[in-house]
Amino acid sequence: MTLLELQDILGERIKIAIDPDMTVEDRKKETEISQTIASLAKQMINNADIVLRTDKLVSEGKLQNSHIEKMVENEKASLQQ
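Here's a quick rundown of the structure. Because the structure is a prediction, the values reported are computed rather than measured. (Residues numbered from 1 in each chain as written. Predicted model: local features only at pLDDT ≥ 70, side-chain atom pairs only at ≥ 80, totals over all residues. Heavy atoms only, no water.)

**Points about the overall build of the chain**
Right, on to step 1. The secondary structure content of the chain amounts to three helices and zero strands.
Right, on to step 2. Helices and strands in the chain line up, N terminus first, as α-α-α.
Right, on to step 3. A compact globule built from 81 residues would reach a C-alpha radius of gyration of about 12 Å, whereas the chain, at 18 Å, exceeds it by more than 25%.
Right, on to step 4. Principal-axis analysis of the C-alpha atoms gives the chain an extent of 55 × 20 × 20 Å.
Right, on to step 5. Pairs at least 24 apart in sequence give 34% of the contacts found in the chain among residues at least 6 apart.
Right, on to step 6. Looking at the chain as shown, the accessible area adds up to about 6,700 Å², and 57% of this sits on carbon and sulfur atoms.
Right, on to step 7. Across the chain, the 11 positively charged side chains and the 15 negatively charged ones have centroids separated by 6 Å. (Helix = DSSP H or I, 4+ residues; strand = E, 2+ residues; numbered from the N terminus. Rg over C-alpha atoms; globule rule 2.2 N^0.38 Å. Contact = heavy atoms within 4.5 Å. Areas by Shrake-Rupley, 256 points an atom, 1.4 Å probe, with all protein chains shown as cover. Lys, Arg positive; Asp, Glu negative; His and termini not counted. Charge placed at Lys NZ, Arg CZ, Asp CG, Glu CD.)

**Quick look at the pattern of salt bridges**
One side chain can pair with another of opposite charge once the charged atoms of both are near each other.
Right, on to step 1. Inspection of every chain in the model, using the stated rule, returns five salt bridges.
Right, on to step 2. We note a salt bridge from arginine 13 to glutamate 30, for which the minimum N-O separation is 2.3 Å. Highlighted residues: arginine 13 in helix 1 (residues 3-17) and glutamate 30 in helix 2 (residues 24-59), separated in sequence by 17 residues.
Right, on to step 3. You can call arginine 13 buried: its relative accessible area is 15%. (Salt bridge = Lys/Arg side-chain N within 4 Å of Asp/Glu carboxyl O. Buried < 20%, exposed > 50% of the residue type's maximum accessible area, 1.4 Å probe, protein only.)

**A closer look at the packing of helix 1 against helix 2**
Right, on to step 1. Taken N-terminus to C-terminus, the directions of helix 1 and helix 2 make an angle of 155 degrees; their axes are 10 Å apart at the nearest point. Here helix 2 runs roughly antiparallel to helix 1, going by the angle between their axes. Considering how the two elements wind past one another, helix 1 and helix 2 form a crossing that is left-handed. On helix 2, the residues that touch Leu3, Leu6, Ile9, Leu10, Arg13, Ile16 and Ala17 of helix 1 are Arg27, Glu30, Ile33, Ser34, Ile37, Ala41, Met44, Ile45 and Ala48. (Axes fitted to C-alpha atoms, helices over the stretch in contact; angles between N-to-C directions. Parallel < 35°, antiparallel > 145°, perpendicular 65-115°, else oblique. Left-handed = near helix turned anticlockwise from the far one by under 90°.)

Below, the structure is given as structure tokens:
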């Protein structure tokens, strides 16, 4: 999933959250789902930030043969498959 796809999903969850026609019971269920999605979204954004920071450090020549570089490269390779 890309960050743009995530943005679309979060936008839909916001629309659901502010639906005035929703019952209290349905709103509670949707709130739980939205909280789960928000938690996962936060982790995805944090992961993307780590990748960006690592790429920046690598391109600046400040990061060579580090553990984080190896972790990020392994993740990129698995995503490309």
